[in-house]
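Below are the chains, spelled out letter by letter.
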Amino acid sequence: MHNEQHDERLSDDELKLFIQYLHRYANHDLDLFQLLEVGDPEHPVYVVFSRDYPPVAEASDYQRPFAERRPPTSTPDINDGG
């Protein structure tokens, strides 16, 4: 079964919803790590969800989606993607 939306980019609203779900998953379902292969089977994307950042990167290399919308002193809010 082919979902035609797989051939489209996410809308801004879909991206925000995806990030909100990702935060919920990380906060409530992720134990230690999860390794996934997603996307086109001929050109897969490998995704690592982990409680530790990989040794090949620095913590400062990672971006927090929508962080520019939040004042630095606020607490994360699921409604703004963080």
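Residues numbered from 1 in each chain as written. Predicted model: local features only at pLDDT ≥ 70, side-chain atom pairs only at ≥ 80, totals over all residues. Heavy atoms only, no water.

Description of the pairing of strand E1 (residues 33-38)
Both faces of the sheet carry side chains from a regular strand, because those side chains alternate between them.
Moving on, step 1. The element E1 is largely exposed, with a buried count of zero among its six residues.
Moving on, step 2. The pairing of E1 with strand E2 (residues 45-50) spans six bridges and is antiparallel. Bridge pairing in E2 links Phe33 to Ser50. (Buried < 20%, exposed > 50% of the residue type's maximum accessible area, 1.4 Å probe, protein only. Helix = DSSP H or I, 4+ residues; strand = E, 2+ residues; numbered from the N terminus. Pairing = 2+ DSSP bridges.)

Quick look at a negative patch on the surface
Moving on, step 1. Together, Asp7, Glu8, Asp12, Asp13 and Glu14 make up a negatively charged patch on the protein surface.
Moving on, step 2. Here Glu14 shows up in helix H1 (residues 12-28). (Patch = residues over 30% accessible without salt bridge, like charges linked within 9 Å, V, L, I, M, F, W, Y side chains within 5 Å. Areas by Shrake-Rupley, 256 points an atom, 1.4 Å probe, with all protein chains shown as cover. Salt bridge = Lys/Arg side-chain N within 4 Å of Asp/Glu carboxyl O. Lys, Arg positive; Asp, Glu negative; His and termini not counted. Charge placed at Lys NZ, Arg CZ, Asp CG, Glu CD.)

Here's the deal with the confidence of the model for the protein
Moving on, step 1. Of the residues in the protein, 76% have a pLDDT of 70 or more, and the chain-wide mean is 79.
Moving on, step 2. Across the protein, H1 holds the top mean pLDDT of 93, while E2 sits lowest at 87. (pLDDT = per-residue confidence, 0-100.)

Looking at a nonpolar patch on the surface
Moving on, step 1. A contiguous nonpolar surface patch, about 450 Å² in accessible area, is contributed by Leu32, Phe33, Leu35 and Val48.
Moving on, step 2. When you line up the elements, Phe33 lands in strand E1.
Moving on, step 3. Its relative accessible area of 53% is what places Phe33 among the exposed residues.

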